Each structure stands twice: as structure tokens, then as C-alpha cells.
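# Summary of structural features
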Amino acid sequence: MALQRLMPDYSRNRLQSWIRADRVKVNGATLGSSNKVWEDDLIEVLPLPLPEQTAFEPEALPVDIVHQDTGFFIVNKRAGLVVHPGSGNWDGTLLNALLHYDPDLAKLPRAGIVHRLDKDTSGLMVIARTLLSQTSLVRQIKARSMSREYLALVEGKPEAQGIVDAPIGRHPVHRTRMTVSQGGRPSRTFYEVLESFAGCALVRCKLDTGRTHQIRVHMQSIGHPLVGDPVYGSRTSGFNEFRRQALHAYRLSFTHPGSGEQIFFETPMPADMLDLLSGLKKNGDGA
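Analysis parameters
- Residues numbered from 1 in each chain as written.
- Predicted model: local features only at pLDDT ≥ 70, side-chain atom pairs only at ≥ 80, totals over all residues.
- Heavy atoms only, no water.
- Helix = DSSP H or I, 4+ residues; strand = E, 2+ residues; numbered from the N terminus.
- Buried < 20%, exposed > 50% of the residue type's maximum accessible area, 1.4 Å probe, protein only.
- Contact = heavy atoms within 4.5 Å.
- Polar contact = N/O pair within 3.5 Å; in protein donor to acceptor, adjacent residues only side chain to side chain.
- Pairing = 2+ DSSP bridges.
- Phe/Tyr/Trp six-rings, centres within 6.5 Å; stacked < 30°, edge-to-face > 60°.
- 1 Å grid on protein atoms, 1.4 Å probe; cavity = no way out; pocket = protein on both sides within 12 Å on 5 of 7 lines; lining within 4 Å.
- Points joined across faces, edges and corners; volume = space filled by probe spheres on them.
- Nonpolar A, V, L, I, M, F, W, Y, C, P; charged D, E, K, R; others polar.

## As for the environment of Gln68
Locating Gln68 in the fold gives a position in strand E4 (residues 65-68). By relative accessible area, which is 38% here, Gln68 ends up partly exposed. Through-space distance from the C-alpha of Gln68 to that of Val126 is 9.6 Å; in sequence the pair is 58 residues apart. In contact with Gln68, other than residues within four places in its own chain, are Phe73, Tyr101 and Arg129. One polar contact links Gln68 to Tyr101, side chain to side chain, over a distance of 2.8 Å.

## Remarks on the sheet that holds strand E2 (residues 29-30)
Strands sit in the order E2-E1-E3 across an open sheet of three strands; the sheet is antiparallel. The open sheet has two edge strands, E2 and strand E3 (43-45), and neither has a second partner. Bridge count for strand E1 (residues 24-26) against E2 is two bridges, and the pairing is antiparallel. Paired with Lys25 across the two strands is Thr30, which belongs to E2.

## What to know about the packing of aromatic side chains
What the rule picks out here adds up to four aromatic pairs. An angle of 80° between the planes, with centres 5.4 Å apart, marks the rings of Phe72 and Phe254 as edge-to-face. Within this pair, whereas Phe72 is found in strand E5 (residues 72-77), its partner Phe254 is found in strand E13 (residues 247-255), the two being separated by 182 residues in sequence. Between Phe73 and Tyr101 the ring centres are 5.5 Å apart and the planes differ by 75°, which places this aromatic pair in the edge-to-face class. Of the two residues, Phe73 sits in strand E5 while Tyr101 sits in helix H3 (residues 94-101), which places them 28 residues apart along the sequence. Each residue in the set Phe72, Phe254 and Phe265 is aromatic and connected to the rest through ring pairs, giving one cluster.

## What to know about the layout of surface pockets
Empty space within the largest pocket amounts to approximately 1,500 Å³. As for the largest pocket, its lining consists of 47 residues, of which Arg116, Asp118, Arg211, Thr212 and His213 are closest to the centre. If you list the elements that add at least two residues to the lining of the largest pocket, you get helix H4 (131-142), strand E7 (147-155), strand E9 (168-170), strand E12 (200-207) and helix H5 (214-221). Of the residues in the lining of the largest pocket, the class split is 17 nonpolar, 16 polar and 14 charged.

## Description of H5
The buried fraction of H5 is high, at six of eight residues. Listing the buried residues of H5 in full gives Gln214, Ile215, Arg216, Val217, His218 and Met219. Backbone geometry just downstream of H5 places Gly223 in the positive-phi region, at approximately 85°.

Distances and angles like these do not, on their own, reveal function.
As C-alpha cells, this is what we get:
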């Protein structure tokens, strides 16, 4: 393709995307990728910006702010919402929504985001609104003094309570997955069974560390993967109709960056998890 020889710094796919978007003209006319060009033809290219170049743009997306003061927001993130722009998700994220809700967040690293939830995990997050608050919150996370508790439905019947103390690292083959690995980073999860059903249990999990996919990996490692988990769950369970990991960050506690007061926030499980629990109870599966 002539355009690729003229613009070797750009991939063939990217050049073709500009052609499809009518961003390439030959002698003032838009042409297809199969058209030929000749000597003395005038080729004009209007490049589209890379998606990562426009990722940090405000977007008018719904965001559930459950609390706000001058130092931070508490957000109840819905399942299905990506927290931060990245490969394959350059827009439509929580960060984009926050920048629209409060444009001043653009002055902060990562728009004030200090911790994350997986795309299909719902629940509470704290978002800093000032650099001082962000510094305080990040320090609390590193010192493990910020308490993050989750509600999860897991397959099988775990022991009444326990601690999973197992290092987590990148899977050696499937690089988008995490796994328990002796070469991984130290990771600890506390869990307690709140209610048991036929084939699953409702558990409360508390993070001592905050590794990627920590609860999902730890519960799977002891034989009790999360109901509906598309990555770490069982494909033969009776809960395959539930289309995401049944995990909700329901409680968040930390020291107020301004007053020094210990504060906490709670939010109930979302409708899909409540419907699943309701169905289990109606079937008389509670124990």
C-alpha cells in the first residue's frame, strides 16, 4: 500500500482505519484502500488521534456519588464499569465520568483515584478531591489501615471462617490472569460465612492486602470460586446464569484526611446479587 510506504511510522491497520473514516484524500477526493495512486498525485492525510491520547476526557456518564465533602468522594461503582482507561477501554470509564462531574479532578494524578475495583465488581470506592487527601489515602492503603470489606457468593460450603495467606502473582501462561504463586507478592484475605445454601455460601471477605483479583484468586485457591466468575469460576456449577463474579465492596473505613476522625461507609448489595439471594431463599436452600 502506497500510504504505508509514505508513512512507515504508522501500522497498516491504523492507516486503513483513517481511510475508512474518510481521513485520506487523493487530489481532493476520498478513495478506498484498494485505489491506486500515481506520480504527482496529491495525498492529504488527517490523522485521527490515538485513543490513549483522548482517554482522559470528561464524559457525561451516570456516577453514583453516595457522599462528598471538600476532601473526597465516596462512589458506589456499578458492575460493568471500568475504573480507569486502558487497553481496549479508552473511554466510558469511571475516570471519564468523574472528570465530567468534577472538572477540578483533572489537576490530580489519575483524577483522584487511589484504588480500583474489577470491571464486574460493584461497590464502594473513595476518590480524592485534593492532593493532600490523595496523599493521605494512598498512605493509608500502603499502611493497610484502610479497611475494605466485601460480600461474595462462593461455590460450595467453606469452613465457617478462615484466613487465606498465599502469595499472588501473574499466571505464567495466561498473562491476564493472576494465580497463587510462591514467587508472587504476599497476600492475605480474611473470610467469614454469613449464610449457607445448596451449592453456595454468602461470605464476608476483608482484605489485609490489595492485590489484583485477590478475593477471586484466594477463594478459588481453596476450592470455593466466586459464583459467576468468568475467569476463576467453575464452568460446571449450577450458577452459570449469573453473568459476573458475585462480589460487592460493601464497606469502607478509613481515617478522614482532614479531621483525623475514623469514618465508615456501607452500601447494600446491588439488585442482581439480591435477586440471586432471594431466589436461593425462596427455594428453601438456606442453612
